[in-house]
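# Examination of the molecular architecture
Now for the letters of each chain:
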Amino acid sequence: MSAEEEMDAAAEQRLGGSPPDFDGRSGFDSRTGVYSSLIKLGGQHRVPTRPDLDTATFVLSQFPAPDCAESRVALIDSATGRRVTYAELRRSIRMLATGLYHGLGIRKGDVVFLLAPNSLLYPTICLAVLSIGAVLTTANPLNTQSEISKQVDDSGAKVAISAPEELHKLLQTGVPTLLTHRTCDENSLSIEELIDCSDPALDLPPAQMSQSDTAAILYSSGTTGTSKGVILTHAKFIAMMTLLKWSVDITSSNNDVFLCFIPMFHIYGLAFFALGLLRSGTTTVVMPRFDSKAMLDAIQAYQVSNIPAVPPVILGLVKNSSSCDLSSLRRVGSGAAPLSKEVAEGFREKFPWVELRTGYGLTESCGAATYFVTDEQAKARAGSSGRLLPRFCAKVVDTETGLALPPNREGELWLKSPTVMKGYLGNAEATAATITSDGWLRTGDLCYFDEDGFLYIVDRIKELIKHNGYQVAPAELEAILLSHPSVLDAAVIPVEDEAAGQIPMAYVVRAGGSELTQQEVIQFVAGQVAPYKKVRKVGFINAIPRSTAGKILRKQLVLLSQQEVISKL
């Protein structure tokens, strides 16, 4: 019996038999200190156990049948309207895989570095690379040349694929590079040309892969702050995509249209759009990058019904979309960062016909961990990230004593599931600091489960502000700030203080025409929190710096606050 089957069997036994130590309401076992998933997965969503199954084969096996694949649209370019059917996508994947194998000599285990924004070609590249047993590593096009060079070197990339506008960042790496699209440069070879020129008669020998082989190396700051290569095997992706297929099946149909502006280089976009969603036969409208106006135009032009998003996008919909017809929307998901109760409630008030469901995951867990099964549950528990997905277990561990905590007690979230990473590439020390000897992933997130097994993320443990011995969660203060009608966005950081150790400082983006003052902000927050949590200082800023996944880049704001202090000396 596989580890996945053992976990399923154990869950069914607990849910069915309810041993005396197991609370069937919260999923908490007082004997072991472990929370188990309360969601039972149907037999049709069992994780395949065939040892030689790879990610690409798994995805392609779920494409629509040939009789409808020629007409079923897989991808649409949001700007041009160009469409790619499932049949065309399958042919492109096959031709590119043939070109990479026979033309460039890419073999099993070779690392392919991909540097490009979202495009219709992105899923083709990912699935072609994986289908020949090569390893995919993706990068943010906004990364600097030095960051790109470091990742190319650390991952051991044999070849790179780059958007033409990003090519200059790879010139000093010495790695052979293909462009994603054709250009006027006759000396450059593009993916488009490789697809067109590959000989369909050439055989593509089986790569003889195993689910335990590495599929991708994705770079994440993890729980220690420095960028590290997260090793994800084919087994991790297959387990994750089974959960994704289950979640899509219970919330949508093949007639639904998804909008993709989440970057596909990120685990959220890669797992959802470049790989997993294609198993459901749905249509995805692809945007190269996020732009609020372009998003609203695309929703109306293509009658988008589903948007996997991040909290800043949802906040923008609440505050900046009054003149748009968004009646086609049916479901909006939120991930990558906590969605505050205030923003969630504001969204539901403005779009009462739209289901809003939040989830939680990390790159180290292949993007998955918790989810809301029904909209009714999500409405009743705004601010929660949902319940543990099937095959997930969790602990809430006291950061000082190391004891596992019961419901409604805050501690660090530990996770265990078939999707948890193999480890960090070439970094045994960081791996040991993040994954325990018995397989628990230390997430670095402060959380608690309520009495019904719903997870609430309080904040990152390392981002807690220590004020006079008390712990202050920036996310709590940010949620309050965002509820102010004159605040478009906000972030809270620690500022060193000789007397208190640290004090909370807020950076605020004012709404257009607002003359909101520092004192008004301080008083607004003070009226809603305990005295030790009060904001002591306020700075006004044009935009809150965020990562492409929507996470606040607090280090940049800390540096800004330090520079402001120095400038006043």
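All residue numbers refer to positions counted from 1 along the written sequence of the respective chain. In keeping with the model being predicted, local features are shown solely for residues with a pLDDT of at least 70 and side-chain atom pairs are shown and tallied solely at 80 or more, while totals for entire chains, interfaces and linings include all residues. The basis for the side-chain values is all heavy atoms of the structure; hydrogens and waters are excluded.

For the protein, the name recorded in an unreviewed UniProt entry is 4-coumarate--CoA ligase-like 5, with Vitis vinifera as its organism.

### A word on the overall build of the protein
Basically, it comes down to this: Note on conventions: DSSP H or I runs of at least 4 residues are helices, E runs of at least 2 residues are strands, and numbering of each starts at the N terminus. Every radius of gyration here is taken over C-alpha atoms, with the globule rule written as 2.2 Å times N^0.38, N being the number of residues. Exposed residues in this analysis have more than 50% of their type's maximum accessible area, buried residues have under 20%, and partly exposed residues fall in between, with area computed by a 1.4 Å probe over protein chains only.
Scanning the protein from terminus to terminus reveals 17 helices and 28 strands. The C-alpha atoms of the protein give 24 Å as radius of gyration, which agrees with the globular expectation for 569 residues (25 Å, within 12%). A principal-axis box enclosing the C-alpha atoms of the protein has dimensions of 75 × 60 × 50 Å. Taken over 569 residues, the protein has a buried fraction of 56%.

### What about the nonpolar core?
Applied cut-off: Only buried residues count toward a nonpolar core. Its members are Ala, Val, Leu, Ile, Met, Phe, Trp, Tyr and Cys residues joined through side-chain atoms within 4.5 Å. Two residues form a contact once any of their heavy atoms are found within 4.5 Å.
Counting 150 residues, the largest nonpolar core has Phe237 and Leu259 as its most contacted members. Those residues in contact with Phe237 that sit more than four places away from it in its chain are Thr55, Ala215, Ala216, Leu232, Ile267, Leu270, Leu275 and Cys366. If you look at the next biggest cluster of nonpolar residues, it comprises 13 residues, including Val135, Ala157, Leu170 and Val175.

### Considering helix α12 (residues 341-350)
Counted only if it meets this: The arc in question is formed by the directions pointing from the helix axis toward the C-beta atoms.
Buried residues of α12: Val343, Ala344, Phe347 and Arg348, and no others. Projected down its long axis, α12 carries its buried residues within an arc of 135°, all on one side. Buried residues along α12 sit in contact with α11 (311-320), β15 (331-334), β16 (355-360), α13 (375-380) and α15 (474-482).

### Some words on the side chain of Thr180
Defined as follows: Within 3.5 Å is the distance limit for a polar contact, defined as a pair of N or O atoms, with the added protein rule that one can donate a hydrogen and the other accept it, and that residues adjacent in sequence qualify only through two side-chain atoms.
One can find Thr180 in the loop between β9 (177-179) and α7 (191-197). Polar contacts involving the side chain of Thr180 include one to the side chain of His181, which spans 2.8 Å. Excluding residues that lie within four positions of it along the chain, Thr180 makes contacts with Ala116, Leu121, Ile125, Ile161, Ser162, Ala163, Pro164, Ser190, Ile191 and Glu192.

### Notes on helix α6 (residues 145-155)
When we look at burial in α6, the residues that qualify are Ile148, Gln151, Val152 and Ser155. All buried residues of α6 project into a common sector of 100° when viewed along the axis, lining one side. Exposed and oriented more than 90 degrees from the buried face of α6 are Ser146, Lys150 and Asp153. On its buried face, α6 sits against β6 (111-115), β7 (135-139), β8 (157-162) and β10 (214-220). Downstream of α6 by a residue or two, Gly156 has a phi angle that is positive, lying close to 70°.

### Structural notes on the packing of helix α4 (residues 86-103) against helix α5 (residues 121-131)
Stated precisely, the cut-off is as follows: Note on geometry: axes are C-alpha line fits, over the in-contact stretch for helices, and angles between N-to-C directions span 0 to 180 degrees. Small angles under 35 degrees read as roughly parallel and large ones over 145 as roughly antiparallel, with 65 to 115 read as roughly perpendicular and the rest as oblique. Should the near helix be turned anticlockwise from the far one by less than a right angle, the crossing is left-handed, and should it be turned clockwise, the crossing is right-handed. Residue polarity follows a fixed list, in which Ala, Val, Leu, Ile, Met, Phe, Trp, Tyr, Cys and Pro are nonpolar, Asp, Glu, Lys and Arg are charged, and the others, Gly among them, are polar.
One way to put it is that α4 packs onto α5 with a least axis distance of 8 Å and a crossing angle of 50°. By the angle class used here, α4 and α5 are oblique. Crossing angle aside, the handedness with which α4 passes α5 is right-handed. Touching Leu89, Ser92, Ile93, Leu96, Ala97 and Leu100 of α4 are Thr124, Ile125, Leu127, Ala128, Val129 and Ser131, all from α5. The residue inventory of the contact of α4 with α5, partitioned by class, reads nine nonpolar, three polar and no charged.

### Details of the pattern of salt bridges
Here is the rule we go by: The rule for a salt bridge is simple: a side-chain nitrogen of Lys or Arg has to be within 4 Å of a carboxyl oxygen of Asp or Glu.
Here the structure, examined in full by the defined rule, presents 20 salt bridges. Residue Glu355 pairs with Arg357 through a salt bridge whose shortest N-O separation is 2.6 Å. For Arg357, a relative accessible area of 8% corresponds to the buried category. The partner of Asp450 in a salt bridge is Arg381, with the nearest N and O atoms 3.5 Å apart. With Asp450 in the loop between β22 (441-449) and β23 (454-460) and Arg381 in the loop between α13 and β18 (386-388), the pair connects residues that are 69 residues apart, well separated along the chain. Of the two residues, Asp450 and Arg381, both sit in the buried class.

### Points about the packing of α5 against helix α9 (residues 267-275)
For the pair α5 and α9, interaxial distance at closest approach is 9 Å and the crossing angle is 90°. Our classification of the angle between α5 and α9 gives roughly perpendicular. Along its contact with α5, which presents Pro123, Cys126, Leu127 and Leu130, the element α9 presents Leu270, Ala274 and Leu275. Among the residues forming the contact of α5 with α9, the class breakdown is seven nonpolar, no polar and no charged.

### Overview of the environment of Gly105
Within the fold, Gly105 resides in the loop between α4 and β6. Leave out the neighbours within four places in its chain, and Gly105 touches Leu100, Asp110 and Lys158.

### Some thoughts on unusual backbone geometry
Positive phi values are uncommon outside glycine, yet Cys366 reaches one of about 60°. Take Cys366: it is sitting in the loop between β16 and β17 (370-371).

### With respect to the side chain of Asp445
Checked against the element boundaries, Asp445 lands in strand β22. Residue Asp445 is classed as buried on the basis of its relative accessible area, which comes to 7%. A distance of 2.5 Å separates the side chain of Asp445 from the side chain of Tyr360, its partner in a polar contact. Each residue touching Asp445, except ones within four places of it in the same chain, is listed here: Tyr360, Leu362, Gly411, Glu412, Leu413, Ile457, Asp459, Arg460 and Ile461.

### Topic: the confidence of the model for the protein
Caution is warranted with low-pLDDT regions, since their predicted coordinates should not be read in detail. Cut-off, in case you're wondering: As a per-residue quantity, pLDDT reports the predictor's confidence and falls between 0 and 100.
Within the protein, residue pLDDT values average 87, and 92% of them lie at 70 or more. Mean pLDDT in the protein bottoms out at helix α1 (residues 3-17), which sits at 50, and peaks at β6, which reaches 98.

### Re the packing of aromatic side chains
How we decide: Pairing of aromatic rings covers Phe, Tyr and Trp, the last counted by its six-membered ring, and requires centre-to-centre distances within 6.5 Å; plane angles under 30 degrees mean stacked, over 60 mean edge-to-face, and any other angle means tilted. Distance and angle both matter: a charge sits over a ring if NZ of Lys or CZ of Arg is within 6 Å of the ring centre and within 35 degrees of the ring normal.
On inspection of all chains with the given rule, the structure shows ten aromatic pairs. Ring centres 5.0 Å apart and planes at 55° place the aromatic pair Phe272 and Phe273 in the tilted group. Accessibility assignment for this pair places Phe272 and Phe273 in one class, buried. Taken together, a centroid distance of 4.9 Å and an interplanar angle of 5° make the contact between Tyr448 and Tyr456 stacked. Given a relative accessible area of 23%, Tyr448 falls into the partly exposed group. In this structure Tyr456 comes out as buried when scored by relative accessible area, which is 14%. Grouped by ring-pair contacts, the aromatic residues Phe28, Tyr35 and Phe449 constitute a single cluster. Looking at Arg107, its charged tip hangs above the ring of Tyr101, at a distance of 3.6 Å from the centre.

### A few points about the environment of Ala294
In this fold, Ala294 is placed in helix α10 (residues 292-302). Between the C-alpha atoms of Ala294 and Ser36, which are 258 residues apart in sequence, the distance is 41 Å.

### Let's talk about the pairing of β8
Our working definition: Strand pairing is assigned whenever DSSP detects at least two bridges linking the two strands.
Counting buried positions along β8 yields five of six residues, so the element is predominantly enclosed. Inspection of the sheet shows β6 paired to β8 by five bridges, in the parallel sense. In the strand pairing of β8, Val111 is matched with Ala157. Sheet topology places β8 next to β9; three bridges connect them, and they run parallel. Along β9, the bridge assignment pairs Ile161 with Leu178.

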